Amino acid sequence: MIHSVGLIGDPIGRSLSPAMHNAAFACHGLADRYELWPTAAHALRDRILRLRTMKMRGANVTIPHKSAVLSLLDAIDPIAQAVGAVNTIVRRDDGQLGGSNTDVAGFLRALALTGYTPRESSAVVLGAGGAARAVCYGLLASGIESLTVINRTPERAEALLADLLATTAAEPHLLALGAAEPLVPQAIADADLLVNATSVGSDGSRLPLAPEHVPAHALVVDLIYRPTPLLRLAAQRGARTQDGLEMLVQQGALSFEAWTGLDAPVEIMRAAARQALEEQV
Ligand code: NAP
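Report on the accompanying structure.

**Concerning the pattern of salt bridges**
Step number 1: Following the criterion strictly, the structure yields seven salt bridges and no others.
Step number 2: Linking D163 and R133 is a salt bridge whose minimum nitrogen-to-oxygen distance equals 2.9 Å. Within this pair, whereas D163 is found in helix α6 (residues 154-165), its partner R133 is found in helix α5 (residues 130-141), the two being separated by 30 residues in sequence.
Step number 3: D163 sits in the partly exposed class, given a relative accessible area of 39%.
Step number 4: R206 is paired through a salt bridge with D203; the nearest N and O atoms lie 3.6 Å apart.
Step number 5: A relative accessible area of 47% means that R206 is categorised as partly exposed.

**Structural notes on the nonpolar core**
Step number 1: If you look at the biggest cluster of nonpolar residues, it comprises 32 residues, and the most contacted ones within it are F107, V125, L139, L147 and L193.
Step number 2: Of all the elements in the fold, those that place two or more residues in this core are α3 (78-83), α4 (102-113), β7 (122-126), α5, β8 (146-151), α6, β10 (193-196) and β11 (219-222).
Step number 3: Top element by residues in this core is α5. It accounts for seven residues.
Step number 4: Filtering out sequence-adjacent residues up to four positions away, L193 remains in contact with L111, Y116, S122, A123, V124, L139, A218, L219 and V221.
Step number 5: L7, L16, V249 and A253 belong to the second largest nonpolar core, which has 19 residues in total.

**Overview of the site of the ligand**
Step number 1: Around the ligand, the structure places 21 residues, and the nearest of them are A131, N151, R152, T153 and R156.
Step number 2: The contact in question runs from an oxygen atom of the ligand to an N or O atom on the backbone of A128, over 2.9 Å.
Step number 3: One of the backbone nitrogen or oxygen atoms of A131 is found 2.8 Å away from an oxygen atom of the ligand.
Step number 4: In isolation the ligand exposes 920 Å². Once the protein is present, 78% of that is buried.
Step number 5: Split into classes, the residues belonging to the shell around the ligand amount to ten nonpolar, eight polar and three charged.

**Quick word on α6**
Step number 1: Over its twelve residues, α6 extends 17 Å from the first C-alpha to the last, a length consistent with the 16 Å expected when each residue adds 1.5 Å.
Step number 2: For α6, the secondary structure elements touched by its buried residues are α3, α5, β8 and β9 (173-178).

**What about the environment of A189?**
Step number 1: Along the polypeptide, A189 turns up in helix α7 (residues 184-190).
Step number 2: Assessed through its relative accessible area of 58%, A189 is described here as exposed.

**Focus on the sheet that holds strand β6 (residues 97-100)**
Step number 1: Overall, mixed pairing links the six strands, which are arranged β2-β1-β3-β5-β6-β4 in an open sheet. Two strands in the sheet have a free side with no partner beyond their single neighbour: β2 (33-38) and β4 (75-76).
Step number 2: In the packing of helix α2 (residues 44-53) onto the sheet, the strands contacted are β1 (4-9), β2, β3 (58-61), β5 (88-91) and β6, and the crossing angle to β5 comes to about 40°.

**Overview of the environment of G106**
Step number 1: Among the secondary structure elements, G106 is positioned in helix α4.
Step number 2: G106 sits in the buried class, given a relative accessible area of 0%.
Step number 3: Along the primary structure G106 and L248 are separated by 142 residues, whereas in three dimensions their C-alpha atoms are 7.0 Å apart.
Step number 4: For G106, the contacting residues outside a window of four places in its chain are M247, Q250, Q251 and L254.

Parameters at a glance
Residues numbered from 1 in each chain as written. Predicted model: local features only at pLDDT ≥ 70, side-chain atom pairs only at ≥ 80, totals over all residues. Heavy atoms only, no water. Salt bridge = Lys/Arg side-chain N within 4 Å of Asp/Glu carboxyl O. Helix = DSSP H or I, 4+ residues; strand = E, 2+ residues; numbered from the N terminus. Buried < 20%, exposed > 50% of the residue type's maximum accessible area, 1.4 Å probe, protein only. Core = buried A, V, L, I, M, F, W, Y, C linked by side-chain atoms within 4.5 Å. Contact = heavy atoms within 4.5 Å. Near = heavy atom within 4 Å. Polar contact = N/O pair within 3.5 Å; in protein donor to acceptor, adjacent residues only side chain to side chain. Areas by Shrake-Rupley, 256 points an atom, 1.4 Å probe, with all protein chains shown as cover. Nonpolar A, V, L, I, M, F, W, Y, C, P; charged D, E, K, R; others polar. Expected span 1.5 Å × (residues − 1). Pairing = 2+ DSSP bridges. Axes fitted to C-alpha atoms, helices over the stretch in contact; angles between N-to-C directions.

Have a look at this one:
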């Protein structure tokens, strides 16, 4: 029987996930297909109903449905509940749907590949959307000592930290800032990790912070899949950098394992995602 898995979101036409997961299915000799299921907000409930009633393994969920989907599922794992976002749905044989968030562990696995350890470190996260929530949850759960969230809309940064603080017993130093506040330059200068979790730079031309504040000594991670102006400038200044492709691969590997119970062929998934990205350029 051919099972199917799909990506629920809107827009999703440029997703690398079909290439990555179809390579993994083929590697295991499975006939499954990973499909794109573009879904507008008004159609989300029906999409989830179809997932429940048809014999599918599950789905990924992306912008703009990661939070809205929580109320449509039967069980949410504690990390997805704390982050307030589901990116992976697993369908059980009885049709029950479970939601989890593999962005958190995907980010931490990608970060670990750089050799960076969050414990007793100081991080700045740019952005306060769904990706920033996953990143901040992961850093807090890993014992970060100081975390500053900088966002164009400061209220969202404040809400993010307030929500996540309720999920941890640790007492890190936390600060929420608007992008134009005077404390921003010092916070960035003091950080040993800078993560861009905004979408600024995905057009290949814009920086998410003033050029003079791009650090020279921190690890600079951009969640955008391809090299961005931020990563290029940071590397020119001597900083270590990582783009978002590795996080994409690692979260995808965890989703694949949740759907199939099989080990994810990570190198094959990485190569397929990279090739699909190059074909887009
Ligand atoms: P989101 O929930 O829509 O959040 C977008 C964030 O970007 C918000 O903080 C928003 O600020 C900020 N932003 C957008 N346009 C801006 C602008 N012109 N100037 C300043 N700030 C701006 O999106 P998301 O899901 O968090 O995704 C954010 C990025 O992470 C995207 O590029 C996405 O592709 C990437 N991502 C990568 C992975 C991966 O596996 N590598 C996983 C998830 C996401 P406001 O709050 O002020 O609107």
